[in-house]
Amino acid sequence: MNVDPNAATTSFPAPPPRPGPRAAVFLVPALAAAAVAVALGAYGRVHDPAGTAFNLAGFSSTGAVKSWLATAAFAFALVQIASALVMYGRVPGVRAPSWTGGLHRWSGRLAFLLSVPVAVHCLYALGYQTYSSRVLWHSLLGCFFFGTFTAKMLLLRAERLPDRLLPLVGGLVFTALTVLWLTSALWFFRTVGVTT
């Protein structure tokens, strides 16, 4: 096949712009988050509190168990927020080492795993309570935390998200966990004392 080097070249049209994320990418995580939060709140509200759900050998009370598990979860959440700041380049002069992503994922997994028995105890033993502002905020934010965590996990699998969406949702998860820790574990340690 002969090609004429003097022939006019044809221009190809520019590729069409990539479409933005579909509404379902945002709607499904939002609906799942709302469903989880409402289901937890509804269960906690209609369930008759049992008073206790578990106790571990070596701890003086279930309150101590919950407080130490929540404190460990909060410590791993601090590691996760610090690793996220490094990964997103928000710490001046610090480049993210190759292991930062793994540290971020595993600290998040451990924080979540440690928070599950605390949530189970809160829901089963205490239920959704509103008798004081501290307890009301704790109940609301406990439901919000697990709902927002659900949304974050679903958004991790989505493609072409706005750059700030995952950090925003992750920040909401961290903020909820922080206030949960302040209204439970820290309150327990200040009221009862640092006991095991």
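About the cut-offs
Residues numbered from 1 in each chain as written. Predicted model: local features only at pLDDT ≥ 70, side-chain atom pairs only at ≥ 80, totals over all residues. Heavy atoms only, no water. Core = buried A, V, L, I, M, F, W, Y, C linked by side-chain atoms within 4.5 Å. Buried < 20%, exposed > 50% of the residue type's maximum accessible area, 1.4 Å probe, protein only. Helix = DSSP H or I, 4+ residues; strand = E, 2+ residues; numbered from the N terminus. Contact = heavy atoms within 4.5 Å. Patch = residues over 30% accessible without salt bridge, like charges linked within 9 Å, V, L, I, M, F, W, Y side chains within 5 Å. Areas by Shrake-Rupley, 256 points an atom, 1.4 Å probe, with all protein chains shown as cover. Salt bridge = Lys/Arg side-chain N within 4 Å of Asp/Glu carboxyl O.

**Q** Tell me about the nonpolar core, residues and numbers included.
**A** Across soluble globular proteins, you tend to see nonpolar side chains buried next to one another. Phe145, Trp181 and Ala185 are the most contacted members of the largest nonpolar core, which totals 18 residues. Counting residues per element, the ones that place at least two in this core are helix H2 (62-87), helix H4 (133-156) and helix H5 (165-191). It is H5 that contributes the most residues to this core, nine residues altogether. If sequence neighbours within four positions are ignored, Phe145 has contacts with Ser115, Val173, Ala176, Leu177 and Leu180. Counting six residues, the second-largest nonpolar core is a separate cluster that includes Leu161, Leu165, Leu166 and Val169.

**Q** Go over a nonpolar patch on the surface with me, naming the residues and quoting the values.
**A** Nonpolar side chains collect at one region of the surface, where Tyr43, Val116, Val120 and Tyr124 lie side by side and expose about 330 Å² of accessible area between them. In terms of residue count, helix H3 (residues 100-126) provides more of the nonpolar patch than any other element does, three residues in total. For Tyr124, the position within the fold is in helix H3. Among the residues examined, Tyr124 registers a relative accessible area of 37% and is labelled partly exposed.

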